[in-house]
Amino acid sequence: MKRILVTGGAGFLGSHLCDLLLAEGNEVLCVDNFFTGRRKNIHHLLDSKNFEFLRHDVTMPLYVEVDEIYNLACPASPIHYQFDPVQTTKTSVLGAINMLGLAKRLKIKILQASTSEVYGDPEVHPQPESYKGSVSVTGPRACYDEGKRCAETLFFDYHRQHKLNIKVMRIFNTYGPRMHPSDGRVVSNFIVQALKGEDITIFGDGKQTRSFCYVSDLIAGMHKLMNSPSSFIGPVNIGNPVEFTMLELAENVLELTGSKSKLKFLPLPQDDPMQRKPVIDLAKKELGWEPRMQLREGLKETIAYFEEVLQEEHV
Ligand code: NAD
Ligand code: UDP
Ligand code: UDP
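Residues numbered from 1 in each chain as written. Chains lettered and ligands numbered in written order. Predicted model: local features only at pLDDT ≥ 70, side-chain atom pairs only at ≥ 80, totals over all residues. Heavy atoms only, no water.

A few points about the overall build of the protein
Then step 1. The helix and strand tally for the protein stands at 10 helices and 13 strands.
Then step 2. A globule of 315 residues ought to have a C-alpha radius of gyration of about 20 Å, and the protein, at 19 Å, matches this closely.
Then step 3. Judged by the C-alpha coordinates and their principal axes, the protein covers about 55 × 45 × 40 Å.
Then step 4. Each of the 315 residues in the protein was classed as buried or not, and the buried ones make up 55%.
Then step 5. Excluding contacts between residues fewer than 6 apart, the proportion of contacts in the protein whose partners are at least 24 apart in sequence is 82%.
Then step 6. Of the accessible surface of the protein, which amounts to about 13,800 Å², a share of 52% is contributed by carbon and sulfur atoms. (Helix = DSSP H or I, 4+ residues; strand = E, 2+ residues; numbered from the N terminus. Rg over C-alpha atoms; globule rule 2.2 N^0.38 Å. Buried < 20%, exposed > 50% of the residue type's maximum accessible area, 1.4 Å probe, protein only. Contact = heavy atoms within 4.5 Å. Areas by Shrake-Rupley, 256 points an atom, 1.4 Å probe, with all protein chains shown as cover.)

Structure (C-alpha cells):
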C-alpha cells in the first residue's frame, strides 16, 4: 500500500483517479484549490479512512510525505483556463516546479498530465509523439498550451539533471461523468443543451474534428503509465483514435437524448484546432493499452449522469 498524492484530485479526471487508487488499497492525499473542481466529486470519499483532502494551491510550495505523485492540477476547459490566463500559466509552471521539487526531495516517481494541446493546431494528422506541434505563442490558448509545454520541459530537465523518475502523458479529449455541467467543453455543452431543449451551439461550421476518450479508459492508461518500467518515461499519447466532426457528435447526442434541440452556428474561437486525433502505437506497445469504450456507449453513461445532475441542481 502506497500513500499517493493526486493534485487536481477534486476535478473530473482527478476524482476518478482517486477512486481507482483507493479501490486498489492505497492511501490518497487529494490536493485541490476548487478552482474548477467540486466537493461533490469527492464527497463519496470523505468518510474513507484512506482518503485525505487538502485545500491548497499548487503554485505555493507543498511539504508533505508521500510515495508517488500524479500532477493533474490545472483548469482544462478553454473557458476556464482563459478566465485567468496568468494564473493558468502559473499553475502549470510553478505547480510543476513545486511538485517536481517535492518529488526530488522525497526521491519519488511523478506523473504529469500533459495534453494534446502541446501539438497546437496541428499540421500533421494524426499526431504522433514525435510531432513538435504548431502552437501560437501569443494567442488566447497559449496560457494553457505553452504552460503545459514548459511543464513537460521541466519534467525532462528534472529527469536529466536530478535523475528524477518521471512519466509524461499527453491526454487527448476525454469525457464522462463528473464533468462540470458548465465546464464549457463540447461534450458537456451538447448534452446539457440537448437535455434542456436549448440550441446546440456549434462553433464554426462544425466540420472540425476531435477524438473522444471515455474517462475509465483514460484513467486505466494513466495508471498503466505510472506503473510501467522506469525506463519508459514518455511522452505518450493517451486517447481514443476514432475521430468525429462536431456535427457528428451533435447528431449522436440528439439521437441518444431524443432531444428536439436545434443547431445554432456561432463563430469559431481564435486558434481553435481544426483536427485532432492521436497515434497510440506507443501506448499499445509500451503499456499494452488501448481504449475500449465506443463513443455512443460512453455518451449514454454521460447523458445518464447529466440527467441526474440537472434534476439535483435545477440548472
Ligand atoms: P478539471 O478542471 O475538472 O480538473 C482540474 C482540477 O485542478 C480541478 O479540480 C481544479 O480545481 C484543480 N486546480 C486548478 N488549478 C489549481 C491550483 N492552482 N492548485 C490546486 N488545484 C488546482 O479538469 P480535468 O479534465 O479533470 O483535467 C485534469 C488534468 O488533465 C489537467 O491537468 C488537464 O490539463 C489534463 N487534461 C485533461 C483533458 C481532458 O479532456 N479532460 C485533456 C488534456 C489534458
Ligand atoms: N518544494 C516543495 N516541496 C518540497 C520541496 C520543494 O514545494 O518538499 C518546492 C520549493 O518551493 C522549491 C521548488 O519545489 O522552490 C523546487 O525545488 P528544487 O529543490 O528543485 O529547487 P530549489 O529548492 O533548489 O529552488
Ligand atoms: N465546440 C463547439 N460548441 C461548444 C463547445 C465547443 O462547437 O459548445 C467546439 C470547439 O470549437 C472545438 C471542439 O468543439 O472545436 C472541442 O472543444 P472543447 O472545448 O471541448 O475542447 P478543445 O478545443 O480543447 O479540444
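Moving on from the model shown.
Remarks on the UniProt feature "domain: NAD(P)-binding" (unreviewed entry) in the protein
Then step 1. UniProt tags residues 5–302 as "domain: NAD(P)-binding" (unreviewed entry).
Then step 2. Taken end to end, residues 5–302 is 38% helix and 17% strand, and its two terminal C-alpha atoms sit 27 Å from one another. (UniProt positions renumbered as here; feature names shortened; annotations may be inferred.)

Observations concerning the side chain of T7
Then step 1. Along the polypeptide, T7 turns up in strand 1 (residues 3–7).
Then step 2. Engagement of the side chain of T7 in a polar contact is seen with the backbone nitrogen of A73, the distance being 3.0 Å.
Then step 3. Contacts of T7, omitting those with residues within four sequence positions, involve V31, V58, Y70, N71, L72, A73 and M99. (Polar contact = N/O pair within 3.5 Å; in protein donor to acceptor, adjacent residues only side chain to side chain.)

Section: the pattern of salt bridges
Then step 1. Within the structure shown, the criterion is met by 19 salt bridges.
Then step 2. We note a salt bridge from K40 to E312, for which the minimum N-O separation is 2.9 Å. Highlighted residues: K40 in helix 2 (residues 39–42) and E312 in helix 10 (residues 295–313), separated in sequence by 272 residues.
Then step 3. The exposure class of K40 is partly exposed, given its relative accessible area of 34%.
Then step 4. Here the salt bridges share partners, and the residues they tie into one network are E117, R141, R210, D272 and R276. (Salt bridge = Lys/Arg side-chain N within 4 Å of Asp/Glu carboxyl O.)

Considering the site of ligand 1
Then step 1. With respect to spatial proximity, 30 residues lie near ligand 1, and among them L13, D32, T36, Y144 and K148 are the closest.
Then step 2. Between ligand 1 and Y144, the relevant distance is 2.6 Å, taken from an oxygen atom to a side-chain nitrogen or oxygen of the residue.
Then step 3. At a separation of 2.7 Å, an oxygen atom of ligand 1 approaches a polar side-chain atom of K148.
Then step 4. Contact with the protein chains hides 97% of the accessible area of ligand 1, taken as 820 Å² for the molecule alone.
Then step 5. Broken down by element, the shell around ligand 1 gets its largest block of residues, 3 residues, from strand 5 (residues 109–115). (Near = heavy atom within 4 Å.)

Here we look at the pairing of strand 4 (residues 68–71)
Then step 1. The side-chain alternation of strand 4 yields two buried faces, one formed by E68 and Y70 and the other by I69 and N71.
Then step 2. Bridge analysis of strand 1 against strand 4 gives 4 bridges, and the strand direction is parallel. Paired with I4 across the two strands is E68, which belongs to strand 4.
Then step 3. One ladder, built from 4 bridges, connects strand 4 with strand 5; its direction is parallel. Along strand 5, the bridge assignment pairs E68 with K109. (Pairing = 2+ DSSP bridges.)

Considering the layout of surface pockets
Then step 1. Each pocket or cavity is described by its volume, and for the second largest pocket that value is around 150 Å³.
Then step 2. Surrounding the second largest pocket, S216, D217, A220, K224, G288, W289, E290 and R292 form its lining.
Then step 3. Of the residues assigned to the lining of the second largest pocket, the class counts are 2 nonpolar, 2 polar and 4 charged. (1 Å grid on protein atoms, 1.4 Å probe; cavity = no way out; pocket = protein on both sides within 12 Å on 5 of 7 lines; lining within 4 Å. Points joined across faces, edges and corners; volume = space filled by probe spheres on them. Nonpolar A, V, L, I, M, F, W, Y, C, P; charged D, E, K, R; others polar.)

Regarding the environment of A23
Then step 1. Along the chain, the position of A23 falls in helix 1 (residues 12–23).
Then step 2. Exposure remark for A23: the relative accessible area of 68% places this residue in the exposed category.
Then step 3. Taking C-alpha positions, A23 is 37 Å from A142, a pair spaced 119 residues apart along the chain.

Let's talk about the sheet that holds strand 11 (residues 236–238)
Then step 1. Spatially, 7 strands are ordered 3-2-1-4-5-6-11 in an open sheet, and the strand pairing comes out parallel. Looking at strand neighbours, the two that pair on one side only are strand 3 (51–55) and strand 11, the edges of this open sheet. Strand-to-strand, the axes of this sheet are offset by a mean angle of 20 degrees, without reference to chain direction.
Then step 2. Looking at chain direction, strand 2 (residues 27–32) and strand 3 are connected through 5 bridges and run parallel. By the bridge assignment for strand 3, V31 is matched with L54.
Then step 3. Against the sheet, helix 4 (residues 85–106) touches strand 1, strand 4 and strand 5, its axis set at about 170 degrees to strand 4. (Axes fitted to C-alpha atoms, helices over the stretch in contact; angles between N-to-C directions.)

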